[in-house]
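One letter stands for each residue in the lines below.
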Amino acid sequence: MAAQFWWRLRDGSMLLEFEQVGYTYVGSPQPALQGLTLGIPTGKRCALIGQNGCGKTTLFLLANGLYKPQQGMVRWQGKPLQYDRASLMALRQRVGLVFQDPEQQLVASTVEEDISYGLCNLGLPEDEIAQRVGEAIVAFGLTELVDRPVHHLSLGQKKRVSLADVMVMQPELLLLDEPTAYLDRLHTRDLMVKLKQIWTAGTTILMATHDLDLVYSWADWVFVVDQGKLVLQGAPQDVFAHRDFLEKLHLGVPQVFEVLDRVEAAWSSQAELYPSDFNLLRQRILNEFRQG
Ligand SMILES: Nc1ncnc2c1ncn2[C@@H]1O[C@H](COP(=O)(O)OP(=O)(O)OP(=O)(O)O)[C@@H](O)[C@H]1O
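Residues numbered from 1 in each chain as written. Predicted model: local features only at pLDDT ≥ 70, side-chain atom pairs only at ≥ 80, totals over all residues. Heavy atoms only, no water.

### Some points on the packing of aromatic side chains
Under the defined criterion, the tally for this structure stands at five aromatic pairs. The interplanar angle of 80° and the centroid separation of 5.2 Å between the aromatic rings of Tyr-23 and Tyr-25 together place this pair among those described as edge-to-face. Residue classification places Tyr-23 among the buried residues on the basis of a relative accessible area of 12%. Its relative accessible area of 29% is what places Tyr-25 among the partly exposed residues. Between the aromatic rings of Tyr-25 and Tyr-67, the centroid separation amounts to 5.7 Å while the plane-to-plane angle is 80°, which identifies the pairing as edge-to-face. Remark: Tyr-67 occurs in the loop between helix 2 (56-63) and strand 4 (71-76) and Tyr-25 occurs in the loop between strand 1 (14-23) and strand 2 (33-41); sequence separation between them is 42 residues. The class of Tyr-67 is partly exposed, set by a relative accessible area of 24%. Three or more aromatic residues joined by ring pairs make a cluster, and in this case those are Tyr-23, Tyr-25 and Tyr-67. Between Arg-45 and the ring centre of Trp-199, over which it is positioned, the NZ or CZ distance is 3.7 Å. Over the ring of Phe-140 we find Lys-194; its NZ or CZ atom is 5.0 Å from the centre of that ring. (Phe/Tyr/Trp six-rings, centres within 6.5 Å; stacked < 30°, edge-to-face > 60°. Buried < 20%, exposed > 50% of the residue type's maximum accessible area, 1.4 Å probe, protein only. Helix = DSSP H or I, 4+ residues; strand = E, 2+ residues; numbered from the N terminus. Lys NZ or Arg CZ within 6 Å of the ring centre and 35° of its normal.)

### Comments concerning helix 12 (residues 275-288)
When the terminal C-alpha atoms of helix 12 are compared, their 20 Å separation across 14 residues agrees well with the 20 Å that a helix rising 1.5 Å per residue should span. Listing the buried residues of helix 12 in full gives Phe-278, Arg-282 and Leu-286. Across the axial projection of helix 12, the buried residues extend over an arc of 70°, all falling on one side. With respect to the buried face of helix 12, the exposed residues turned more than 90 degrees away are Leu-280, Arg-284 and Glu-288. Buried residues in helix 12 make contact with helix 8 (212-218), helix 9 (236-239) and helix 11 (255-268). (Expected span 1.5 Å × (residues − 1). Arc of directions from axis to C-beta. Contact = heavy atoms within 4.5 Å.)

### Regarding the site of the ligand
Near the ligand, the surroundings consist of 13 residues, among which Asn-52, Gly-53, Lys-56, Thr-57 and Thr-58 are the closest. With respect to the ligand, the backbone of Cys-54 contributes an N or O atom lying 3.2 Å from an oxygen atom. Residues that form the shell around the ligand fall into these classes: three nonpolar, eight polar and two charged. (Near = heavy atom within 4 Å. Polar contact = N/O pair within 3.5 Å; in protein donor to acceptor, adjacent residues only side chain to side chain. Nonpolar A, V, L, I, M, F, W, Y, C, P; charged D, E, K, R; others polar.)

### Concerning the sheet that holds strand 3 (residues 45-49)
Taking strand neighbours across the sheet as the criterion, the six strands line up as 6-7-8-3-9-10 in an open arrangement whose pairing is mixed. Strands with a single pairing partner mark the edges of an open sheet, and in this sheet they are strand 6 (95-98) and strand 10 (229-234). Averaged over all adjacent pairs, the angle separating strand axes in this sheet is 20°, with direction ignored. Of the pairings in the sheet, the one linking strand 6 to strand 7 (residues 173-177) comprises four bridges and is parallel in character. The residue bridging Val-98 from the neighbouring strand is Leu-176, located in strand 7. Where helix 7 (residues 185-200) meets the sheet, its contacts fall on strand 3, strand 7 and strand 8 (204-208), and the angle it forms with strand 8 comes to roughly 145°. (Pairing = 2+ DSSP bridges. Axes fitted to C-alpha atoms, helices over the stretch in contact; angles between N-to-C directions.)

### Examining the layout of surface pockets
Of the volumes computed, that of the largest pocket is approximately 680 Å³. Every residue lining the largest pocket is counted, 24 residues in all, and those nearest its centre are Arg-92, Tyr-117, Gly-118, Asn-121 and Met-169. The volume enclosed by the second largest pocket comes to roughly 310 Å³. Taken together, 20 residues make up the lining of the second largest pocket; nearest its centre are Lys-159, Arg-160, Leu-163, His-187 and Leu-191. Sorting the residues of the lining of the second largest pocket by element identifies helix 6 (155-167), strand 7 and helix 7 as the ones contributing at least two each. Residue composition of the lining of the second largest pocket, by class: 11 nonpolar, four polar and five charged. (1 Å grid on protein atoms, 1.4 Å probe; cavity = no way out; pocket = protein on both sides within 12 Å on 5 of 7 lines; lining within 4 Å. Points joined across faces, edges and corners; volume = space filled by probe spheres on them.)

Spelled out as structure tokens, the structure:
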């Protein structure tokens, strides 16, 4: 099924590509990824969806070189990744990964030290580090928290610091592993505003999430992974049109699609209502649910 949308991607360039990638954890009977092939298009907001354990986090760890494929290859702008220290350091400046659990990300004792950690590792001049850290603190609304020990922060605050840690490195590709997990409505909204700014400034984004409503409203492109393989990809409206297939994977569809399907069934039972009118209405409603 993936092949039917592949032509749409040919025009644009790919930032990061997985080609027939396989990865099995030591001691695990099943591969986490098997023959995974996908390309992340430059400049897009991409969503990665799939059941628990389908391989999303593993894909991210391969994307920034923390893991090396056991089969196949990963390419950055058409070139196979190299796994020597210098190449990995260069890759990790370009590919920023925000972990699902901020505890995995935060390494220093205060917020300011944490944000400067990656830049210090790069050996940048002190004044440049101070300038970039200062800008990130303001951009991510962390001014009040700057001297706070990171272990005193709320989960939402820790998540914000994790994102600042990564964005201060000015990556070209931002990988977000379930960024809205455990966030309340207000903090989810704040995060989405921030992501819009980041994307508008030119960063390609790939977000793994179980929130299909968010995927529909936000993403330009959706990857569906099952048992370590890409099984479907496309624009959100095309992907979520495959309701039966997504139900079989126990993923379902965004609420707006469920509601529209129910209304369509009721509509078609009314002889005086035209199906073409419903199609217009459906499209209007679906457009309303996109953030733009
Ligand atoms: N360190 C590990 N050792 C052994 N097996 C692992 C390890 N990490 C992940 N796995 C297994 O690899 C498979 C893929 O896991 P992964 O964390 O990539 O899935 P996921 O799609 O991110 O899941 P979730 O949606 O629950 O976060 C799962 O079967 C998981 O049990």
